[in-house]
Amino acid sequence: MQLQNKSPYSASMTGCGFMLEEMNRILPLLMDPASDTLLKKEVVENSYLMINTENTRKRAVVELVKRYQSVPQEFWKEYLSFSKEAQCVAMYFVNLKCYRLFFDLHLNLVLKKWHSIRQTLTRTDVLMEINAIATQDDFVDSWSDNTKIKVASAFLSFLRKVKFLEPNGEQLKPISLTDEEFAFYLKIRENWFLEACLLQPYEIERITKVLV
């Protein structure tokens, strides 16, 4: 625990998954001023999450709260008006903001692979990057091989949810949204995310003009 307190990294996302639909269902509870009370009630009653066991719901709520709090509340007000595709991309953005490990894996590994000749990503690639991080972080270094495999698998699963990768493929591909949907991230001063979506410089320049 002491090692974890000193580390910016966590493996907690492995216990719950992407949870787009679950987030959408309990978002009204999270946005309510009485969210603490409502969420405790939800853990017991399971009216929104539709997750089988109470312990699993409890873990899921902890992660959903962390994700919700990783971006300003204004983000979620805009999010409610997004298309289904834009919400999925937005949830990936939230996960990058919430989990430093996924942020680092995306910017240091996915972008590197995208700018390489092959433009593919495998679980071995992700595990190698996690091991590289472990050489600089005692907490990650303390993880078992099984934990590292779970983190790598979760990361690849998240990439597939948002269609950076095909369901059973290794070929990276850019995210497809409208210019207006991408411009939202410029509006909230998160310009880095457009490059993270594997867009070309000329595409980013075109999207920037939406705000002019």
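A short tour of the structure in this document, coming up. (Residues numbered from 1 in each chain as written. Predicted model: local features only at pLDDT ≥ 70, side-chain atom pairs only at ≥ 80, totals over all residues. Heavy atoms only, no water.)

A word on the state of the cysteines
Note the following rule: Disulfide assignment relies on a single distance test, namely cysteine sulfur atoms paired within 2.5 Å.
Considering all chains together, one arrives at zero disulfides under this definition. Free of any disulfide, Cys-16 has its nearest neighbouring cysteine sulfur in Cys-98, separated by 8.9 Å.

Considering the layout of surface pockets
Put simply, the rule reads: A cavity, in this analysis, means grid points on a 1 Å lattice covering only the protein atoms where a 1.4 Å probe fits yet has no way out; a pocket is instead an open set bounded by protein on both sides within 12 Å along at least five of seven lines, and a residue lines either one if it has an atom within 4 Å of a point. Grid points are joined across faces, edges and corners, and a volume is the space filled by probe spheres set on the points. Counting from the N terminus, the helices are the DSSP runs of H or I reaching at least four residues and the strands are the DSSP runs of E reaching at least two. When residues are grouped by polarity, Ala, Val, Leu, Ile, Met, Phe, Trp, Tyr, Cys and Pro land in nonpolar, Asp, Glu, Lys and Arg in charged, and all others, Gly among them, in polar.
Roughly 360 Å³ of internal volume is contained in the largest pocket. Together, 17 residues line the largest pocket, and Glu-85, Cys-88, Lys-161, Val-162 and Lys-163 are the ones closest to its centre. Among the secondary structure elements, those contributing two or more residues to the lining of the largest pocket are helix H2 (20-31) and helix H6 (84-98). When residues in the lining of the largest pocket are grouped by element, the largest group, four residues, is from H6. For the lining of the largest pocket, the class distribution of residues is nine nonpolar, one polar and seven charged.

Digging into the side chain of Gln-87
Formally: Relative accessible area decides the class of each residue, using a 1.4 Å probe on protein chains only: under 20% of the type maximum gives buried, over 50% gives exposed, and in between gives partly exposed. Between two residues, a contact is recorded if the distance between any of their heavy atoms is within 4.5 Å.
Relative to the elements of secondary structure, Gln-87 occurs in helix H6. Of the residues examined, Gln-87 reaches a relative accessible area of 12% and is grouped as buried. Not counting residues up to four positions away in its chain, the partners in contact with Gln-87 are Leu-20, Asn-24, Tyr-79, Leu-80 and Phe-82.

Some thoughts on the nonpolar core
For clarity, the threshold we go by: By nonpolar core is meant a set of buried Ala, Val, Leu, Ile, Met, Phe, Trp, Tyr and Cys residues that side-chain atoms within 4.5 Å join together.
Judged by nonpolar contacts, the single largest core of 77 residues is most densely connected at Phe-75, Trp-76, Tyr-92 and Phe-102. No other element matches H6, which puts 10 residues into this core. Here Trp-76 is in contact with Met-23, Leu-27, Met-31, Arg-67, Tyr-68, Val-71, Met-91 and Val-94, once residues within four sequence places are set aside.

Quick word on the packing of helix H3 (residues 35-45) against helix H4 (residues 54-69)
Just so we agree on the cut-off: Between the N-to-C directions of two axes lies an angle of 0 to 180 degrees, each axis being a line fitted to C-alpha atoms and, for a helix, fitted only over the stretch in contact. An angle below 35 degrees is read as roughly parallel, one above 145 as roughly antiparallel, one from 65 to 115 as roughly perpendicular, and any other as oblique. The handedness criterion is simple: a crossing whose near helix is rotated anticlockwise from the far helix by less than a right angle is left-handed, and one whose near helix is rotated clockwise is right-handed.
Contact geometry of H3 with H4 gives a least axis separation of 8 Å together with a crossing angle of 150 degrees. Taken together, the axis directions place H3 and H4 in an arrangement best described as roughly antiparallel. Between H3 and H4 lies a crossing of right-handed hand. Between H3 and H4, the contacting residues are Leu-39, Glu-42, Val-43 and Val-44 on the first element and Glu-54, Arg-57, Lys-58, Val-61 and Val-65 on the second. Broken down by class, the residue content of the contact of H3 with H4 amounts to five nonpolar, no polar and four charged.

Observations concerning the side chain of Asn-95
Operational definition: Here a polar contact is taken to be a pair of N or O atoms separated by no more than 3.5 Å, where protein atoms must pair a possible hydrogen donor with a possible acceptor and residues adjacent in sequence count only if both atoms sit in side chains.
In this structure, Asn-95 sits in helix H6. Here Met-91 takes part through its backbone oxygen, which lies 2.9 Å from a polar atom of the side chain of Asn-95. The contacts of Asn-95, once residues within four sequence positions are left out, are Phe-18, Arg-67 and Phe-158.

Notes on the pattern of salt bridges
Defined as follows: Salt-bridge detection follows one rule: a side-chain nitrogen of Lys or Arg within 4 Å of a carboxyl oxygen of Asp or Glu.
The full count for this structure, using the stated rule, is eight salt bridges. Note that Asp-179 is salt-bridged to Arg-206, the shortest N-O span being 2.8 Å. With Asp-179 in helix H11 (residues 179-187) and Arg-206 in helix H13 (residues 201-208), this pair connects stretches of sequence that are 27 residues apart. Under the relative-accessibility criterion, Arg-206 is labelled partly exposed at 39%.

Digging into the packing of aromatic side chains
As a reminder of what qualifies: Two rings from Phe, Tyr or Trp (for Trp, the six-membered ring) form a pair when their centres sit within 6.5 Å of each other. Planes less than 30 degrees apart are called stacked, planes more than 60 degrees apart edge-to-face, and all others tilted.
Taken as a whole and assessed by the stated rule, the structure comprises 21 aromatic pairs. A connected cluster of aromatic rings, assembled from ring pairs, spans Tyr-68, Phe-75, Trp-76, Tyr-79, Phe-82, Phe-93, Phe-103, Phe-184, Tyr-185, Trp-192 and Phe-193.

Thoughts on H3
Working note: α-helix, 3.6 residues per turn, so residues spaced by three or four point in the same direction. Quick reminder of the rule: By arc we mean the arc of the directions from the helix axis to the C-beta atoms, nothing more.
All of the buried residues along H3 are Ser-35, Leu-39, Glu-42 and Val-43. For H3, the buried positions fall inside an angular range of 100 degrees around the axis, keeping them on one side. Opposite the buried face of H3, by more than 90 degrees, sit the exposed residues Thr-37, Lys-40 and Val-44. Taken together, the buried residues of H3 touch H2 and H4.

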